[in-house]
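# Analysis of the macromolecular model
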Amino acid sequence: MQFGLSGCGGGLESGDPRDLLDLARLADALGYAGLWINEEHFNRPEAGRGRLCLSPLILAGALSAATSRIRIGFSVLLAPLHHPLRLAEELASLDVLSGGRIDVGISRGNNGRYFEAFGVDLADNTQAFRDTLDFMRRCWTEDTVELHGEVFPVEPKPVQQPTPPIYVGAYTDESVRWAATAGHRLIQHGIQSLTTVERAMILFAEAGGDIATVPVGRFVYVSASDEQARREVWPTILDLTAKLRQVGIARSRRVIAEEELEPERFMAEVAIVGGPETVAARIAGLHARLGMQYLNLLPAFFGYLPGPLLRQSLEIFAAEVMPRFPGTEVTDAAVRASARVEHHAGAFGAG
């Protein structure tokens, strides 16, 4: 089992963006497998709560320079908002500079507001997206590519050969099946009902995809006990679900029902909240239900979780949840974090 962190700041977007690199070093030392960056636009923190989302490609470069082991992924980049040639060059450059630690998560996108703002006219962007992926692969694997009747050498080539892993963000049945038959991996975000995730995983496997490679996202908060976890995270749940209802997430993406945004139900069914034993049991249940081998924590709750609680949850998860699953090990940093958390248990209030 592997555990990554996901959000527009790699899952670390609570508080001052200048803290991101220090938190990335912490995540690297604690043994997390990946930092996954969402491409988001037009987000503005309100009264100090919520996310300030940085440019994903620039942030990826900074995170890769600040870390040495952890992989840097995208969950996801929105292909229509990027020129395919420039995107191929920049992703290959990141792979070179990171020593082969880049995971390319990408999607055709479905946010009409983004398309309008960026001047993208895509009545049907499915084929354009598939053509973009094909072109990028050729940039990475072929000596030259033809553009407008002229041949160009496209450099650099990525360290990972033949290409970095490509993860497709897909929710429709057709797109999920296509990702599998095209030889790509699938990525599932955290704003989804478990029934929609389960359906996607089944379709992906039926079409020949390997569900063991699928990162599945869930909002996760762990504290010393179930009671303390609920007390600490409840204000965040209220803020987040109110924001999701305000932006109409259930209507715009059709991957979660409106009633699942009711705070109590959201915390019980969509998020994973509790002490280490409860959180581990919930993850084991997901593993049994979905067959997944990679969980992407959304630990910042879109930036609504206070920074001190984010750090505490990351440390407890690494020290007391990760070791319960095969294929993970407790790092020295996690051992030290566990001792600090035990000493200061209960120090954080409701937030």
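Calculation rules
- Residues numbered from 1 in each chain as written.
- Predicted model: local features only at pLDDT ≥ 70, side-chain atom pairs only at ≥ 80, totals over all residues.
- Heavy atoms only, no water.
- Helix = DSSP H or I, 4+ residues; strand = E, 2+ residues; numbered from the N terminus.
- Rg over C-alpha atoms; globule rule 2.2 N^0.38 Å.
- Contact = heavy atoms within 4.5 Å.
- Areas by Shrake-Rupley, 256 points an atom, 1.4 Å probe, with all protein chains shown as cover.
- Lys, Arg positive; Asp, Glu negative; His and termini not counted.
- Charge placed at Lys NZ, Arg CZ, Asp CG, Glu CD.
- 1 Å grid on protein atoms, 1.4 Å probe; cavity = no way out; pocket = protein on both sides within 12 Å on 5 of 7 lines; lining within 4 Å.
- Points joined across faces, edges and corners; volume = space filled by probe spheres on them.
- Nonpolar A, V, L, I, M, F, W, Y, C, P; charged D, E, K, R; others polar.
- Salt bridge = Lys/Arg side-chain N within 4 Å of Asp/Glu carboxyl O.
- Buried < 20%, exposed > 50% of the residue type's maximum accessible area, 1.4 Å probe, protein only.

Within the chain, the regular secondary structure consists of 13 helices and 13 strands. Here the chain has a C-alpha radius of gyration of 20 Å; the compact-globule value for 351 residues is 20 Å, and the two agree. Projecting the C-alpha coordinates of the chain onto the three principal axes gives extents of approximately 65 × 40 × 40 Å. Intrachain contacts of the chain at a sequence separation of at least 6 include 74% that bridge at least 24 residues. When the accessible area of the chain is evaluated, it comes to approximately 15100 Å², of which 51% is carbon and sulfur surface. Here the chain carries 33 positive and 43 negative side-chain charges, and the mean point of each set is 3 Å from the other.

Following the criterion strictly, the structure yields one cavity of 30 Å³ or more and no others. Within this model, the largest cavity holds a volume of roughly 30 Å³. For the largest cavity, the full set of lining residues is Leu-78, Leu-81, Gly-109, Asn-110, Asn-111, Tyr-114 and Phe-115. Grouping the constituent residues of the lining of the largest cavity by class yields four nonpolar, three polar and no charged.

To continue, consider the pattern of salt bridges. A complete count under the given rule lists 13 salt bridges for this structure. Residues Asp-16 and Arg-18 are paired through a salt bridge, measuring 2.7 Å at the closest nitrogen-oxygen approach. The exposure class of Asp-16 is partly exposed, given its relative accessible area of 30%. Here Arg-18 falls in the exposed class, since its relative accessible area comes to 70%. Between Arg-130 and Glu-174 there is a salt bridge, and its shortest N-O distance comes to 3.7 Å. One end of the pair, Arg-130, is in helix H5 (residues 126-141); the other, Glu-174, is in helix H6 (residues 173-181), with 44 residues separating them in the sequence.

Purely geometric numbers; function is a separate question.
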